[in-house]
Every structure is written in structure tokens, then in C-alpha cells.
Amino acid sequence: MDRKIERQIRAYYNTIPPQVDIKIGPRKPSTEFPQYDEFTVTFSYQGKDQEQGFYISKDGKTLARITKIDMSKDPFEETMKKIDVAGRPVRGNKDAKVTIVNYDDFQCPFCQRMHDTLTNDILKTYGDQVRVIYKDYPLIEIHPWAKHAAIDANCLTQQNKEAYWGFADTVHSNAKTISQTSGLDAQMAAVDKLALEQGSKAGMNQAQLQACIKAQKDDSVKASMAEAETMGVSATPTLFINGVKLDGAVPAEELKAIINRALADVGQTPPASSQHPAGGGK
């Protein structure tokens, strides 16, 4: 019977490489399904094991694998609990029941597109029904000044959270120009200049801001990057809308569909303008 079970598994799951060893565990009566016995199948390859639970009918004619879903917890709420938003600047209604977390890279052209969508479409469409929070995920391998910009943004946040958003708007709209500046030192100097200008506009303590920018302490940026990776983030932008993950600069209408479901889940009615394509359906 063990051999027969193994043959059936290999035939049904035809993507299992032939070098993977399959071991059938002992069968015992199932307490959940009286007409079935339950057992564990172990898949082994290069010293690594993966176990899966299976069931076989008492007459040996039916093999089953059942996926159990824990209904006692909301998986999207559990996802949001893993994202630390304490102290992060908020755009929109800070008490909104729908939270949009954006793992952002200031040098990323796709992030600029998402930033424009969130700022000029989503926030205007939903008003006080949503809040937007950015977390840092600079792609340092391909965007050499992105982490520097993230650190500068966090320096602004220490004194004035609104200044963060002014900086984010300015850097995203000027990212191409900054990248075309000759030399990395000059690019980072251009970023610093924009940060200091934002600090001046906000009436911040310039000496304190300059010291923070000069120090370039990256602890919070590294923590945000590590957090992102535990969430399965590998590129930017990556969004979580009340726990629903979205990869890339997706169209506004796709964002709105998910936001509308999130609003319905918390008992709120989406605005009428969110129900129709931009431009009146043209």
C-alpha cells in the first residue's frame, strides 16, 4: 500500500523531481473523518525535509490531502500587526480604518508613479477614509543614493512629520534629475540640499537637522528593510492595504477595488467616484 500511495502521489503531483525521496508514515484512524486513515508523507531532498498530511479511505480507493485554514484569526490583520508604523508620518486621516503602507524607494521610477497615484488620486478620492504610511526599502544594489535619501527623510521626521511629505514629493518629482547629476557625491549633496530646504520651510532647528544628515545613521532604515523582507517584499513599490499585498506600480483602479473591499469590511461606504474608471469611463 505504501508503494501504491507513493506512485499515486508522484503521478498526481507530476512536478516532483525524481531525485526527491518520498517516505510514507504509519497510518492511523482519523478522528476528524471516520471513513479515513491519516498519515504523514515526508519529501526529502539534499538533507531537507518537508512534511504533508494525507488521508486514505478505509477501502483504499481514495487518497486525499486537505488544507486546513485557521478561522480563528484574520490573516490580513495578522499581516498588519507585523508592520511597525509607530512614529511614521501619516498622510490622510490618522484615525482612518483603512491603512495603506507603501514600502518606498526614493530613487525608483515606479515608486514615483505610485507616489503620484497615491497623492493625486487615492487621497483625493477617499479623503478621510484612508491613511497612507511610507516605510523604507531602498534597493541599494541598483539605486546608490536611495538609502541616503531615506535617512535624510527620517532626519526631517524627527522634528516635523509634515516635512517628510514635502521632501517625499520633491525628491520623487526630481529623482531623474538627481540621478543625472554627475557623480554619487554630487547626487547625495543634491538630496541633502532638498532636505535642508524642507527643514527651513518647516522652521526646523537647522543645526540639529544638519548634524543628523551628516551622521547618516541607518539603523531605522535597516530595521525597515529587514521587516519588509519578513513580509515577502523584494521590490518596490510594494503596498499593503489593510494586509492585502500589492506588488509594483499597479493602476489606480486596482488599488481602488481593494480599498473599496477594505472599506466594506470595516462597515464604511466607498465614495461614488471610486466606483468608476478615471475620466468618466473613456
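A few points on the structure.

Definitions and limits used
For every chain, the first residue of the written sequence is number 1, and numbering continues from 1 onward in sequence order. Under the rules for a predicted model, residues below a pLDDT of 70 receive no local features and side-chain atom pairs below 80 are neither given nor counted, while totals for whole chains, interfaces and linings still include all residues. Hydrogen atoms and water are omitted, and side-chain values are computed over all heavy atoms in the structure. Helix and strand labels come from DSSP, where a helix needs a run of H or I of at least four residues and a strand needs a run of E of at least two; each type is numbered from the N terminus. Using a 1.4 Å probe on the protein chains alone, a residue whose accessible area is under 20% of its type maximum counts as buried, one over 50% counts as exposed, and one in between counts as partly exposed. Take the number of residues in a helix, subtract one, and multiply by 1.5 Å to get its expected span. Two axes enter the definition of the bend at a residue: one is fitted to the seven residues ending there, the other to the seven starting there, and the bend is the angle between them. Contacts: residue pairs with any heavy atoms within 4.5 Å of one another. By the criterion applied in these results, polar contacts are pairs of N or O atoms within 3.5 Å in which, for protein atoms, one can donate a hydrogen and the other can accept it, and in which residues neighboring in sequence qualify only through two side-chain atoms. Definitions used for this entry: grid spacing 1 Å over protein atoms alone; cavity, a set of points where a 1.4 Å probe fits but cannot get out; pocket, an open set with protein on both sides within 12 Å along at least 5 of 7 lines; lining residue, one with an atom within 4 Å of a point. Grid points are joined across faces, edges and corners, and a volume is the space filled by probe spheres set on the points.

1. Observations regarding unusual backbone geometry
Point 1. With omega at -5 degrees, the peptide bond leading from Thr-236 into Pro-237 counts as cis.
Point 2. Position of Pro-237 relative to the elements: it lies in the loop between helix H8 (219–230) and strand S9 (238–241).
Point 3. Phi at Gln-46 takes a positive value of approximately 50 degrees, unusual for a residue other than glycine.
Point 4. Note that Gln-46 resides in the loop between strand S3 (36–45) and strand S4 (48–57).
Point 5. Given a relative accessible area of 68%, Gln-46 falls into the exposed group.
Point 6. Positive phi, normally seen in glycine, also occurs at Gln-216, with a value near 50 degrees.
Point 7. On the secondary structure map, Gln-216 appears in the loop between helix H7 (206–215) and H8.

2. Here we look at helix H5 (residues 161–180)
Point 1. Helix length check: H5 (20 residues) gives 29 Å between terminal C-alpha atoms against 28 Å at 1.5 Å per residue, within 8%.
Point 2. For H5, the principal kink sits at Asn-174 and spans about 60 degrees.
Point 3. Looking only at H5, the buried set comprises Ala-163, Tyr-164, Trp-165, Gly-166, Phe-167, Ala-168, Val-171, His-172, Ala-175 and Ile-178.
Point 4. Residues of H5 that are buried make contact with strand S6 (90–92), strand S7 (98–104), helix H3 (109–126), strand S8 (130–136), helix H4 (146–159) and helix H6 (184–201).
Point 5. The N-cap residue of H5 is Asn-160: its side-chain oxygen and the backbone nitrogen of Glu-162 are 2.9 Å apart.

3. A short note on helix H9 (residues 252–265)
Point 1. Across its 14 residues, H9 extends 20 Å between first and last C-alpha, which sits within 8% of the 20 Å expected from 1.5 Å per residue.
Point 2. Within the sequence span of H9, burial applies to Ala-252, Leu-255, Lys-256, Ile-258, Ile-259, Asn-260, Ala-262 and Leu-263.
Point 3. Residues of H9 that are buried in the fold lie against S7, H3, S8, S9 and strand S10 (244–247).
Point 4. Directly after H9, the chain includes Gly-267, whose backbone phi takes a positive value near 80 degrees.

4. Considerations on the layout of surface pockets
It is a probe the size of a water molecule, rolled over the atoms, that shows where empty space is left.
Point 1. Looking at the largest pocket, its volume works out to about 300 Å³.
Point 2. Forming the boundary of the largest pocket are 14 residues, of which Asp-74, Phe-76, Asn-242, Ala-262 and Asp-265 lie nearest the centre.
Point 3. Elements with a minimum of two residues in the lining of the largest pocket: helix H2 (75–81) and H9.
Point 4. It is H9 that provides the largest number of residues to the lining of the largest pocket, a total of 4 residues.
Point 5. Taken as a whole, the second largest pocket holds about 230 Å³ of empty space.
Point 6. Lining of the second largest pocket is provided by 13 residues; of these, Ala-86, Arg-88, Lys-135, Asn-154 and Ser-220 occupy positions nearest its centre.
Point 7. Among the secondary structure elements, those contributing two or more residues to the lining of the second largest pocket are S8, H4 and H8.

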